[in-house]
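Results of the structural survey
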Amino acid sequence: MRAVLMAGGSGTRLRPLTYDLPKPMVPILNRPIAHHIINLLKRHNITEIITTLHFLPGVLQDYFQSGQDFGVQMTYEVENEQPLGTSGCVKNCAELLTETFLVISGDSLTDFNLTEAIAFHREKQAQATLILTRVANPSEFGMVLTDGEQRICRFMEKPSSSEVFSDTANTGVYILEPEVLRYLPEGEASDFSTDLFPRLLAEGEPLYGYVAEGYWCDIGHLESYRQAQYDCLAKGINIEAGYRELSSGIWVGQDTYIDETARIEAPVLIGDNCRIGPRATISAHSVIGDNVTIGAHAQLSRPVIWNGVRVGEEASLEACIVARGAHIERRAQVLEGAVVGALSTVGEEAQISPNVRIWPGKQVESGATLNINLIWGQTAFRNLFSQRGVSGLANVDITPEFAVKLGAAFGSTLPPASQVAVSRDQRSVSRMVLRALISGLMSVGINIQDLAATAIPISRTFVSRLEVEAGIHVRIHPDRPDHLLIEFFDSNGINLPKIQEKKIEGAFFKEDLRRVQIHEIGDILYPSQGLETYSTSFEDNLNTNAIRNSRAKVVIDYAYSVSGAVLPLLLSKFGGDAVVLNASLRQTVLSEIEREALLTQLGHVVEALRANFGVQVSANGEQLILVDESGVSIRGEQLTALMVHTILTARPRSTVVVPVNASSAIEQIARRHDGQVIRTRANPTALMEACHSHPNVVLGGSGDMGFIFPQLHPGFDSMFSIAKLIEMLTIQERNLGQIRTELPTVFHRSYSLRCPWNAKGQLMRHLIEVTPPDQVELIDGVKIVDYPHDRWVLILPDAGEPLVHIYADGSDRDWVDRSLQQYRSSIQAFVDQSHGMGRAD
């Protein structure tokens, strides 16, 4: 007799285990399900096996090949196009089925006596015999009713609880005569339960049910998969373990070392070439694959561990599944029902919450708590917040479901019925994510003031001027065009302090989310005074007479990101002439090459129109690059110095705030104007807080982040920067080219090196230890200062990437280049020595 093994299924309910593995190849006691099925067939003298394949057929073919090593003869039928269904795939190999044959599903585990079932089929002279079993909950399976002669009179596929008429379930094992295949269409999808068997019943063909004794488990979901392993260990099924039983209930493979202090409680299975460390504890019903390493003091309670897994010291695994080649690092916890996909890494002291699934090839950062499935993104981070809000790959890390939870977490840290203003840029993905955030906020009783699509400076002004407790703005990340950035403001319009960010992270990761009654759900309003509020504040903080008298002509390039195109309207009120370029919206974000091309175009237009200057606006109205009257661009450190010089010329003896990595030209300019410089950490929140808290601040920021005018609002604002520049140039009767010539000559260089997260602290400590204390500043990173010569080197760890940035600054070009190379080499050597990592290109 021949058997047809149906092995084409992809096993979606077993994801992520079956993401890159066909369901019949999922291991039970370290052997594929299909291997156990073939052993069963062989025990009953069925050695000619036709296997139908569809999903990843090569995996099963490579494992069994001809079948000779397993004592059987294997033939394969691959469905190359659409799957043909359970009976359609059997019809597809009808020419090989010329006598009574058996069909068995590749995703169930059983020890039924197939010999007796076949004898029953022949005794009854049946055309089809279904092997049945008694189950407690027949609604999960196909249900069958037989008469006194065991002839089938009724069946139903997965009935609802109200439709249950029997406790006898279809196991997916059939004995068939080849004649029944004539009832199936050629080359079309069909199913045994919904197509063939109803047809046979209607035609009056002899269709019988054989109720078998023994074990049967349909491995249709992750819970039944784990339970099947436990049943096998408890000897609830007649199955071959494949390893030597050292003592009752403890199976151990070849070349496996178990430390004498390890504690093992039967029943347990441990595969070949494993290493079990000192004082590790392996409790009953644990399954450990081949080539697995278990670290010292690790605690294993009923996990199913596949081949090649590494479990670190003091890690804890509870009734979970860890797939092939995954790494569970030191003190990590994987809790009950969780699944770690193949080749994934769970970092030190990370926690995977119950029933969370991690898809293959993912990474959970050290110390992170993961309580949602990790499917699309590559990494689960320890912290939600980066240097400026929450960021991640659009619609991969930052998804609607993520945003709903984030909104609820933020709202749960605010008093019920609080008012929160929300806004976004004009990208469709930002609209989608903002709506999800709104849903989360409303679900915890927060009222919404929706400003819709608007520039972020307008949002900050609205929040700081009106009675709202907080604000949220969603936009494309200014530095990473495939990422979204979600920024949270306090009632002053300043990015949230770290202590508040930690509260949100706590609510998010612990799922400590407030739930309100239906009448307490938040409301949503659409205020119309956002632009009016901003315009009023804008005018109040400008010398509008100077702008009216300037007759200035400015060319503004919006680079196809129209949010913030309100500036031409404001300037026109004062007689300004604003020529606008590329103000239409493009959903795809410009590449760096495209943006540079637009900047070149802007320079040509400025020259051709004899405009006072040009400006390219970016980052949803926060950042800018200037182009002078000759078409030459001004950006970065030169832009920072130009803005500081222009403002302090008009407001001497005032204070400016810049990040720690800004050029020393700022101090030289401040000394000319008897001004003061405050340096902050190199992140937007620190700049905003310093501008807000220190008196007499007239300007803050940098050419890379944008500029803050605290009297207007606490955030970066390219629109006001442009208007203020027109005012200054008119009053001072100069152009940008003239101001540029007045700037001090300072050489400012930077370089970035790859540095593992856990090496950053070691590196900073090393730099402090080897540097004289009187040369060290610790505002942010480690700044090594040569005060007599007004020059310095700054080593600054990146807040969001495994990098460190090296800056060298001074008036001597040779010293700057030499110092940058020196620190680059010494830091690279330190990283290589500590962690064996290579240089980042």
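Starting afresh in each chain, residues are numbered from 1 along the sequence in its written order. A pLDDT threshold of at least 70 governs which residues receive local features in this predicted model, and a stricter bar of 80 or more applies before side-chain atom pairs are shown or counted, although totals over entire chains, interfaces and linings include all residues. Side-chain figures throughout are based on the complete set of non-hydrogen atoms in the structure, without hydrogens or water.

**Some remarks on the overall build of the protein**
In terms of helices and strands, the protein carries 21 helices and 57 strands. Principal-axis analysis of the C-alpha atoms gives the protein an extent of 110 × 60 × 50 Å. Here the term buried applies to any residue with accessible area under 20% of the maximum for its type, exposed to any over 50%, and partly exposed to those in between, with areas from a 1.4 Å probe on protein chains only. By the burial criterion, 57% of the 841 residues in the protein qualify as buried. The method behind every accessible area is Shrake-Rupley, applied with a 1.4 Å probe, and residues are considered shielded solely by the protein chains displayed. If you sum the accessible surface of the protein, you get close to 34,400 Å²; carbon and sulfur atoms cover 46% of it. Taking the average location of the 73 positive side-chain charges in the protein and that of its 98 negative ones, the two points are 5 Å from each other. A run of H or I in DSSP counts as a helix once it spans at least four residues, and a run of E counts as a strand once it spans at least two, with each numbered from the N terminus. As used throughout, the charge tally considers Lys and Arg to be positive and Asp and Glu to be negative, leaving His and the chain termini uncounted. Note on charges: their place is set at NZ of Lys, CZ of Arg, CG of Asp or CD of Glu.

**Observations regarding the sheet that holds strand S49 (residues 655-659)**
Should DSSP find at least two bridges between two strands, the strands are regarded as paired. Strands sit in the order S50-S49-S51-S52 across an open sheet of four strands; the sheet is mixed. Only two strands of the sheet have a single neighbouring strand rather than two, namely strand S50 (676-680) and strand S52 (706-708). In this sheet, adjacent strand axes meet at a mean angle of 20° when their direction is disregarded. Sheet topology note: the S49/strand S51 (residues 697-702) ladder contains three bridges and is parallel. Each bridged residue has a counterpart across the sheet, and for valine 656 the counterpart in S51 is leucine 699. In this analysis, two residues are considered to be in contact whenever any of their non-hydrogen atoms come within 4.5 Å of each other. To define axes, lines are fitted to C-alpha atoms, for helices over the stretch in contact only, and angles between the resulting N-to-C directions are given on a 0 to 180 degree scale. In the packing of helix H15 (residues 636-650) onto the sheet, the strands contacted are S49, S51 and S52, and the crossing angle to S51 comes to about 175°.

**Let's talk about the nonpolar core**
Counting 63 residues, the largest nonpolar core has Ile28, Leu41, Leu102, Leu109, Ile219, Tyr225 and Trp306 as its most contacted members. With six residues, helix H1 (residues 33-43) is the single largest residue contributor to this core. Beyond its immediate stretch of four places on either side in the chain, tyrosine 225 contacts Leu14, Leu17, Val26, Pro27, Ile28, Ile219, Val304, Trp306 and Ile321. Put simply, buried Ala, Val, Leu, Ile, Met, Phe, Trp, Tyr and Cys residues joined by side-chain atoms within 4.5 Å make one nonpolar core.

**Some points on the packing of helix H9 (residues 456-465) against helix H11 (residues 530-540)**
If you want to describe how two helices pack, look at the angle between their axes and the distance between the axes. Axis separation between H9 and H11 bottoms out at 9 Å; the angle between their running directions is 85°. Our classification of the angle between H9 and H11 gives roughly perpendicular. Taken together, the residues of H11 that come into contact with H9 (itself represented by Pro457, Ile458, Thr461, Phe462 and Arg465) are Gly530, Leu531, Thr533, Tyr534 and Ser537. Orientation categories follow fixed angle ranges, with anything under 35 degrees roughly parallel, anything over 145 roughly antiparallel, 65 to 115 roughly perpendicular, and all other angles oblique.

**A few points about the state of the cysteines**
Any cysteine sulfur atom paired with another within 2.5 Å is treated as part of a disulfide. Scanning the entire structure with this criterion turns up zero disulfides. You can see cysteine 89 has no disulfide; the closest cysteine sulfur is in cysteine 93, sitting 6.8 Å from it.

**Section: the environment of methionine 25**
If you trace the backbone, methionine 25 turns up in the loop between strand S1 (2-6) and strand S2 (27-28). Remark: the alpha-carbon pair of methionine 25 and aspartate 107, spanning 82 residues in sequence, is separated by 8.8 Å. Not counting the four nearest positions on each side in its chain, methionine 25 is found in contact with Pro32, Val59, Leu60, Tyr63 and Phe64.

**Thoughts on unusual backbone geometry**
For the bond running from arginine 15 to proline 16, omega is 10°, close enough to zero to count as cis. Relative to the helices and strands, proline 16 is located in the loop between S1 and S2. Along the chain, alanine 266 connects to proline 267 via a cis peptide bond; the corresponding omega equals 0°. Here proline 267 lies in the loop between strand S17 (263-264) and strand S18 (268-270). At arginine 551, a residue that is not glycine, the phi angle is positive and equals roughly 50°. Tracing the backbone shows arginine 551 in the loop between helix H12 (544-550) and strand S44 (553-557). Given a relative accessible area of 73%, arginine 551 falls into the exposed group.

**A few points about the pattern of salt bridges**
By definition here, a salt bridge exists when the distance from a side-chain nitrogen of Lys or Arg to a carboxyl oxygen of Asp or Glu is within 4 Å. Tallied over the entire structure, the rule returns 32 salt bridges. Across the salt bridge formed by glutamate 329 and arginine 310, the nearest N and O atoms sit 2.8 Å from each other. On the criterion of sequence distance, the pair formed by glutamate 329 in the loop between strand S28 (327-328) and strand S29 (333-334) and arginine 310 in strand S25 (residues 310-311) is long-range, its members being 19 residues apart. A salt bridge links glutamate 727 to lysine 724, with the nearest nitrogen and oxygen atoms 3.3 Å apart. Here glutamate 727 pairs with lysine 724, and both are found in helix H18 (residues 718-732), just three residues apart, close to one helical turn. The class for glutamate 727 is buried, based on a relative accessible area of 5%. Taken together, the shared-partner salt bridges in this structure form one network comprising Arg388, Arg460, Arg475, Glu487 and Glu622.

**Describing the confidence of the model for the protein**
As a per-residue measure, pLDDT tells how confident the predictor is, with possible values from 0 to 100. For the protein, the mean per-residue pLDDT works out to 91, and 95% of the residues sit at or above 70. Confidence drops under a pLDDT of 50 for residues 161-165, and excluding neighbours within four residues, the segment shows 12 contacts in the predicted structure. The low-confidence segment residues 836-841 (pLDDT under 50) makes 17 contacts with residues lying over four places distant or belonging to another chain.

**Some points on the sheet that holds S18**
The eight strands are arranged S14-S15-S18-S21-S24-S27-S30-S33 in an open sheet whose pairing can be described as mixed. Looking at the sheet topology across the chains shown, the edges are occupied by strand S14 (244-247) and strand S33 (357-358). Across two bridges, strand S27 (residues 321-322) lies against strand S30 (residues 339-340) in parallel orientation. Bridge pairing in S30 links valine 322 to valine 340.

**Considering the pairing of strand S12 (residues 207-211)**
Extensive coverage of S12 is indicated by the burial of four of its five residues. Bridge analysis of strand S8 (residues 128-134) against S12 gives five bridges, and the strand direction is parallel. Across the sheet, leucine 130 pairs through a bridge with glycine 209, a residue of S12.

**Section: H9**
Counting buried positions along H9 yields eight of 10 residues, so the element is predominantly enclosed. Those residues of H9 lying buried are Ile456, Pro457, Ile458, Ser459, Arg460, Thr461, Phe462 and Val463.

**Describing the pairing of S49**
In terms of burial, S49 is a largely internal element, five of the five residues being buried. With burial as the criterion, each face of S49 is covered, one bearing Thr655, Val657 and Pro659 and the other bearing Val656 and Val658. Relative to S50, S49 runs parallel, the two sharing five bridges. The residue of S50 that forms the bridge with valine 656 is valine 677. Note that the unit made of S49, helix H16 (residues 665-672) and S50 has a crossover that is right-handed. Note on handedness: a clockwise path from strand one over the helix to strand two, with the strands aimed away from the viewer, defines a right-handed crossover.

**Considering the environment of valine 606**
Checked against the element boundaries, valine 606 lands in helix H14 (residues 592-609). On the basis of relative accessible area, valine 606 is assigned to the buried category, the value being 0%. Measuring from C-alpha to C-alpha, the distance between valine 606 and glutamate 629 comes to 6.4 Å, with 23 residues separating the pair along the chain.

**Observations concerning the environment of asparagine 45**
Note that asparagine 45 resides in the loop between H1 and strand S4 (48-53). Note: C-alpha distance between asparagine 45 and glycine 700 (655 residues apart in sequence) is 84 Å.

**Description of the packing of aromatic side chains**
What counts as a ring pair is set by centres within 6.5 Å for rings of Phe, Tyr and Trp (its six-membered ring), and what kind of pair is set by the plane angle: stacked under 30 degrees, edge-to-face over 60, tilted for all other angles. Enumeration over the complete set of coordinates arrives at 15 aromatic pairs. Measuring from ring centre to ring centre gives 4.9 Å for tyrosine 174 and phenylalanine 197, while their planes differ by 80°; the resulting arrangement is edge-to-face. Residue tyrosine 174 is located in strand S11 (residues 168-176), and its partner phenylalanine 197 is located in helix H5 (residues 192-202); the two are separated by 23 residues in the primary sequence. For tyrosine 174, a relative accessible area of 4% corresponds to the buried category. Taking relative accessible area as the criterion, phenylalanine 197 reaches 1% and is therefore assigned buried. An aromatic cluster of three or more residues is present, and its members are Tyr534, Phe538, Phe709 and Phe720. Only when the NZ of Lys or the CZ of Arg is both within 6 Å of the ring centre and within 35 degrees of the ring normal is a charge said to sit over the ring. For the cation-ring pair, lysine 405 lies above phenylalanine 508, with the distance from its terminal atom to the ring centre recorded as 4.6 Å. Residue placement shows arginine 824 over the ring face of tyrosine 751; its charged tip is 4.0 Å from the ring centre.

**Regarding the side chain of aspartate 780**
For aspartate 780, the location among the structural elements is in the loop between strand S54 (776-777) and strand S55 (782-786). Polar contacts, as used here, are pairs of N or O atoms within 3.5 Å; protein pairs need one atom able to donate a hydrogen and one able to accept it. Residues neighboring in sequence count only if both atoms are side-chain atoms. Side-chain polar atoms of aspartate 780 contact the backbone nitrogen of alanine 682, separated by 2.9 Å. Apart from residues lying up to four places away in sequence, aspartate 780 is in contact with Val660, Arg681, Ala682, Leu794 and Leu796.

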